[in-house]
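# Chain and residue survey
Take a look at the letters that make up each chain.
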There are 2 protein chains.
Amino acid sequence: MTDPRTPLASLSDDELAGFLAEQQEAYAALRARGLKLDLTRGKPAPAQLDLSNDLLHLPSTATDRDGVDVRNYGGLEGLAQLREIFAELLWTSPDQVICGGNSSLTMMYSTIVDFLLFGGVDSPRPWSQEEKVRFICPVPGYDRHFSMLASFGIEMVTVDMHQDGPDMPAVEALVKDDPSIKGIWIVPTYANPSGAVVSQEVAARLAAMPTAAPDFTIFWDNAYAFHHLTEVEAKSADILTLAAASGHPNRPIMFASTSKITFAGAGVAVLAASKPVIAWYLKHLSMGSIGPDKVNHLRHVEFFGDAEGVRAHMRKHREIIAPKFAAVDEALTSGLAGLGVAEWTRPTGGYFVNLDVLDGTASRVVALAKEAGIALTPAGSSFPLGHDPRDRNIRLAPTFPVLDEVRTAMAGVATCVALAAAEKITADRSGPTEDDATGVQQTEGVAR
Amino acid sequence: MTDPRTPLASLSDDELAGFLAEQQEAYAALRARGLKLDLTRGKPAPAQLDLSNDLLHLPSTATDRDGVDVRNYGGLEGLAQLREIFAELLWTSPDQVICGGNSSLTMMYSTIVDFLLFGGVDSPRPWSQEEKVRFICPVPGYDRHFSMLASFGIEMVTVDMHQDGPDMPAVEALVKDDPSIKGIWIVPTYANPSGAVVSQEVAARLAAMPTAAPDFTIFWDNAYAFHHLTEVEAKSADILTLAAASGHPNRPIMFASTSKITFAGAGVAVLAASKPVIAWYLKHLSMGSIGPDKVNHLRHVEFFGDAEGVRAHMRKHREIIAPKFAAVDEALTSGLAGLGVAEWTRPTGGYFVNLDVLDGTASRVVALAKEAGIALTPAGSSFPLGHDPRDRNIRLAPTFPVLDEVRTAMAGVATCVALAAAEKITADRSGPTEDDATGVQQTEGVAR
């Protein structure tokens, strides 16, 4: 048997052929199992949702602490008590917090709509009147950030996402002289999909850097701010304070939600920013809103009690999902360690594992997995327009399936990764004229 | 004592002076009562909200009829069962219905945003790329429709709202040759504020009329579709079918909500349209939504049961608010009938009474009422940009206060209307050089 600890690239042709045959056999066995597993999206598992089932019969009253009838119209900025809880969690003051509906994505979308149609607090004109609007997109990143920008016709410029945040020299060079660079997406805590945490230093540079656009905006999507997987809880940088201290108080707009805290589809979303930005957002919001669902706000206030209630609740999530992340690592280590064909993250929080496979094989891995009944996020989805220039990045989302399924699925994924890598290396050795696009078919021919 | 049945304009100068003095005395007594009453907005009363308090501890399960876990992400178009209920109520099919968040205003807003940024199904280009976009606004109408358009820089062209709908010859003339006329607001059932119900004939003309703009859109805001005040229940015209039959299937977009059925701030909103329009709306919605709050959808499904459940529920509302509308009519009749200074509606549904006072006195009436502790919607608010050219229109919203308060407030309003009218007629008689803007002060001088 081929030693799994020998890098595939170092194997002799015969050894490689043997390894390939083994993987083909393993893959055939995998397919024969007729699995039907899904690792595509960062969805909470039913067991996680169950943690919040008390919400189904709350609130216990129709009137909040301040005497507000939460059933009626009004209160555009959200229920005061809920804003207080999030202000504490996000280290800001309640008057810098708006609580909205069930989706922070919606708040991000409407923020960009406001920039496009009306311009922001520091905008010389609405973005729709600019010749070109471009955003910096650290990659790998969140696919829905990118598809949103694409839908608006906003151009995306990629920079690398490192373990402490985006490649700052690249970011600083882009924003310095080009006024068409209007924004950057940042998932500061346990980033989607890399798990990176933006360091204090990187955050300070983002807050302070000179930008050609006066209305350059950091879309600080703190979706996983409280979503720790270990007892060492990462603390995201306090971007609002940093930006204010650097003389750019209106630069960051922070987003968060309870979608991965309570109910994914029935939580509450939060926006936090400087007071002028809050006033700007509310002004436009007032034209198309009768106020948020304050009953759901009160429901959450009663459920959590206070900020510590949120933190305690998150520890229950950790108990459910941390073993799933461990299972991913175990399966990948068992199947792939030492082969030199894959690297993956061991995130300390968030919802994803970032798997980088052999260059040029990610699409093949996803296709193989699909044929074996294991649904993965499409290859390239963590890049703007779905284009991963190295075709190596795969986002794994292990939270939704039960633990046993995660184990089964990830063992299968490891087989697919090893098979695709062996195919690729074999094809590469068969000649430099090989066309990568058809290489898989021909590789199978070689191996037969 | 002056005979209250004699039109004020027919009184002799002495009689008029006597009437004015009486009204001033009555007004002084009114002010002395130190009232604090609010008839500004069409808000359900707490007793109405109480009708839906079972929602506070629903749903009883986290899974719907079809096995959907309503707590998790997804289901952009809304829960199937809720769409079925609204499809029946609005005479369409579930695949032409989207159930959204807590506000139909938000769905209207996002529809216009989509037209502006992307263009509609039949648009040659996004509206933001048009030199000019104009909407027809039947007046009096809903202030928030108008403020929304103003915020987008969309010009408003008014036509008269009659008891069977908008002035159709005026509408047809406007849309026929002018491609900048892109839309019209229609509140078809128990219109805000006139209570008018758009007739079958008017609806058919709206559906069939030739329009220069290929993407001319009827924003059919059926906010009061089921909000009857009598046993004779008005049936709004089936605009979707009429438009499809006329070859303009994409012309109408219907909006409705349960804001005045269950909880004003925590209900569910509905959009209904042709299938291409539904697909278009969902496509853009998908970029900024993780799906609606399906827990709230299921909550409403369990609460209503079916479409008949909605209708039965509305009869309970009627029992609470019909007496308030009767009280408005009684107070206005008692205080103003025969004076020839006011006309008002006796709506058979909806949330408002439309009060037309003597030309040029509406602002004065609202100011007098305010000083007496009775808050009314600002004069002119039912007209674009708040400008009522005749300064005569006042929208009364009697649902929120309890019955006794409605009686008290409306008796006070009647006093204010009579006083302002007497002031105005007195001022007019005092000479044609009188400046209306300062007339009130001088009138008081005359009367002293």
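Scoring rules and cut-offs
Residues numbered from 1 in each chain as written. Chains lettered and ligands numbered in written order. Predicted model: local features only at pLDDT ≥ 70, side-chain atom pairs only at ≥ 80, totals over all residues. Heavy atoms only, no water. Helix = DSSP H or I, 4+ residues; strand = E, 2+ residues; numbered from the N terminus. Rg over C-alpha atoms; globule rule 2.2 N^0.38 Å. Buried < 20%, exposed > 50% of the residue type's maximum accessible area, 1.4 Å probe, protein only. Contact = heavy atoms within 4.5 Å. Areas by Shrake-Rupley, 256 points an atom, 1.4 Å probe, with all protein chains shown as cover. Lys, Arg positive; Asp, Glu negative; His and termini not counted. Charge placed at Lys NZ, Arg CZ, Asp CG, Glu CD. Domains from an automatic or database assignment. Buried area = accessible area lost by both parts, 1.4 Å probe. Salt bridge = Lys/Arg side-chain N within 4 Å of Asp/Glu carboxyl O. Polar contact = N/O pair within 3.5 Å; in protein donor to acceptor, adjacent residues only side chain to side chain. Nonpolar A, V, L, I, M, F, W, Y, C, P; charged D, E, K, R; others polar. Axes fitted to C-alpha atoms, helices over the stretch in contact; angles between N-to-C directions. Parallel < 35°, antiparallel > 145°, perpendicular 65-115°, else oblique. Left-handed = near helix turned anticlockwise from the far one by under 90°. Pairing = 2+ DSSP bridges. Right-handed = clockwise from strand over helix to strand, strands pointing away. Least-squares fit on C-alpha atoms with pLDDT ≥ 70 in both. pLDDT = per-residue confidence, 0-100. 1 Å grid on protein atoms, 1.4 Å probe; cavity = no way out; pocket = protein on both sides within 12 Å on 5 of 7 lines; lining within 4 Å. Points joined across faces, edges and corners; volume = space filled by probe spheres on them.

## Let's talk about the overall build of chain A
The helix and strand inventory of chain A stands at 14 helices and 13 strands. Relative to its length of 448 residues, chain A is compact, with a C-alpha radius of gyration of 24 Å against a globular reference of 22 Å. When the 448 residues of chain A are sorted by exposure, 60% land in the buried category. For chain A, restricting intrachain contacts to residue pairs at least 6 apart in sequence, the fraction spanning at least 24 positions comes to 75%. Total accessible area computed for chain A in this model is approximately 16500 Å², and 52% of it derives from carbon and sulfur atoms. With 38 positive and 55 negative side-chain charges, chain A shows a separation of 4 Å between the mean positions of the two kinds.

## Remarks on the domain arrangement of chain A
All names here are of chain A. Along its sequence, chain A is organised into domain 1 (8–47 + 312–447) and domain 2 (59–308). Of note, the centres of domain 1 and domain 2, computed from C-alpha atoms alone, are 32 Å apart. Contacts between the two partners involve 28 residues from domain 1 and, on the opposite side, 30 residues from domain 2. Together domain 1 and domain 2 conceal approximately 2500 Å² of surface at their shared face, both sides included; 62% is due to carbon and sulfur atoms. Across the domain 1-domain 2 interface, the total number found is three salt bridges. In this structure, the salt-bridge partner of E231 is R318, at a minimum N-O distance of 3.8 Å. Remark: the boundary between domain 1 and domain 2 carries eleven residue pairs in polar contact (both at pLDDT 80 or more). Those elements that provide at least two residues to the side of domain 1 that touches domain 2 are α11 (307–336), β11 (353–357) and β13 (393–396). For the side of domain 1 that touches domain 2, the element with the highest residue contribution is α11, accounting for nine residues. A class-by-class count of the residues in the side of domain 1 that touches domain 2 yields 13 nonpolar, eleven polar and four charged.

## Description of the interface of chain A and chain B
Each partner contributes to the interface: chain A provides 53 residues, whereas chain B provides 53 residues. When chain A packs against chain B, the two sides together hide about 4000 Å² of surface, and 56% of this comes from carbon and sulfur. Taken as a group, A:R71, A:Y73 and A:M287 account for 19% of the area that chain A buries against chain B, more than any other trio of residues on that side. Linking chain A to chain B there are two salt bridges. The salt bridge involving B:R71 is made with A:D50; its shortest N-O contact spans 2.6 Å. Seen at the junction of chain A and chain B, the total is 20 residue pairs in polar contact (both at pLDDT 80 or more). Those elements giving two or more residues to the side of chain A that touches chain B turn out to be α2 (46–50), α4 (104–118), α5 (143–151) and α10 (294–304) of chain A. The element best represented in the side of chain A that touches chain B is α4(A), accounting for eight residues. Tallied by class, the residues present in the side of chain A that touches chain B amount to 25 nonpolar, 18 polar and ten charged.

## Let's talk about the side chain of A:Q23
Residues and elements named next belong to chain A. Counting through the fold element by element, Q23 comes out in helix α1 (residues 13–32). When its relative accessible area of 12% is taken as the criterion, Q23 is described as buried. Residues in contact with Q23, not counting those within four places in the same chain, are T415, A418 and L419.

## Notes on the packing of helix α12 (residues 362–371) of chain B against helix α13 (residues 403–429) of chain B
All names here are of chain B. Close contact between α12 and α13 brings their axes to 9 Å; oriented N to C, the two are set at 130°. Taken together, α12 and α13 sit at an angle that is classed as oblique. Considering how the two elements wind past one another, α12 and α13 form a crossing that is right-handed. Between α12 and α13, the contacting residues are R364, V365, L368 and A369 on the first element and C416, V417, L419, A420 and E423 on the second. Tallied by class, residues from the contact of α12 with α13 come to seven nonpolar, no polar and two charged.

## Focus on the sheet that holds strand β7 (residues 217–221) of chain B
All names here are of chain B. Taking strand neighbours across the sheet as the criterion, the eight strands line up as β2-β9-β8-β7-β6-β3-β4-β5 in an open arrangement whose pairing is mixed. Unpaired on one side and paired on the other, β2 (97–99) and β5 (165–166) mark the two borders of the sheet. Here helix α3 (residues 80–89) sits on the sheet and contacts β2 and β9 (269–272); the angle it forms with β2, its principal contact strand, is near 125°. Where helix α5 (residues 143–151) meets the sheet, it contacts β3 (134–139), β4 (155–162), β6 (181–186) and β7, and its direction lies at approximately 160° from that of β3.

## Some thoughts on the sheet that holds strand β10 (residues 342–344) of chain B
Residue and element names in this part refer to chain B. Strand order in the open sheet made by the three strands is β10-β11-β13, with antiparallel pairing throughout. Unpaired on one side and paired on the other, β10 and β13 (393–396) mark the two borders of the sheet. Strand-to-strand twist across the sheet, computed as the mean angle between neighbouring axes with direction ignored, equals 20°. Taken together, the four bridges between strand β11 (residues 353–357) and β13 define a ladder with antiparallel strand orientation. Each residue of the ladder has a partner; that of D356, found in β13, is N393. Strand contacts of α12: β11 and β13, with the helix running at about 40° to β13, the strand carrying the most contacts.

## Considering the pairing of β4(B)
All names here are of chain B. Two elements, β3 and β4, share six bridges in a ladder whose sense is parallel. The partner of P138 across the bridge, within β4, is V159. Each parallel crossover has a hand, and the one from β3 via α5 to β4 is right-handed. The pairing of β4 with β5 spans two bridges and is classified as antiparallel.

## Remarks on the relation of the copies chain A and chain B
Of the transformation superimposing chain A on chain B, the axial component is 0.0 Å and the angular component is 180°, with the fit at an RMSD of 0.0 Å. The superposition of one copy onto the other is thereby described by a two-fold rotation axis. When C-alpha positions in chain A are compared against the rotation axis, the closest is assigned to A:H57, at 1.9 Å.

## Looking at the confidence of the model for chain A
Mean pLDDT for chain A: 94, with 95% of residues reaching 70 or above. Overall fold confidence for the complex sits at a pTM of 0.94, while the interface term, ipTM, reaches 0.94.

## With respect to α5(B)
Residue and element names in this part refer to chain B. For α5, the set of buried residues is D143, R144, H145, F146, M148 and L149. Where the residues of α5 are buried, they touch α4 (104–118), β3, β4, β6, β7 and β13. At the C-terminal side of α5, G153 shows a positive phi close to 75°.

## A few points about unusual backbone geometry
In the segment running from B:V139 into B:P140, the intervening peptide bond is cis, with an omega of -5°. For B:P140, the position within the fold is in the loop between β3 and α5. The step from B:N192 to B:P193 runs through a cis peptide bond, and the omega angle for that step is 0°. Secondary-structure assignment places B:P193 in the loop between β6 and α7 (200–208). The phi angle at A:W91 is positive, at roughly 55°, despite the residue not being glycine. Along the chain, the position of A:W91 falls in the loop between α3 (80–89) and β2 (97–99).

## As for the pattern of salt bridges
Residue and element names in this part refer to chain B. Counted by the stated rule, this structure contains 50 salt bridges over all chains. In this structure, D143 engages R41 in a salt bridge whose closest nitrogen and oxygen atoms are separated by 2.8 Å. Taken together, the residues D143 in helix α5 and R41 in the loop between β1 (37–39) and α2 (46–50) connect sequence positions 102 residues apart. With its nearest N and O atoms 2.4 Å apart, the salt bridge here joins R134 to D178. In this pair, R134 is assigned in strand β3 and D178 in the loop between α6 (168–177) and β6, connecting sequence segments 44 residues apart.

## Remarks on empty space enclosed by the protein
Across all of its chains, the model carries seven cavities of 30 Å³ or more by this definition. As for the largest cavity, its lining consists of 48 residues, of which A:G101, A:N102, A:T106, B:G101 and B:T106 are closest to the centre. Of all elements in the fold, only β2, α4 and α9 (275–285) of chain A together with β2, α4, α9 (275–285) and α10 (294–304) of chain B reach the threshold of two or more residues within the lining of the largest cavity. Class assignment for the residues of the lining of the largest cavity results in 19 nonpolar, 25 polar and four charged.

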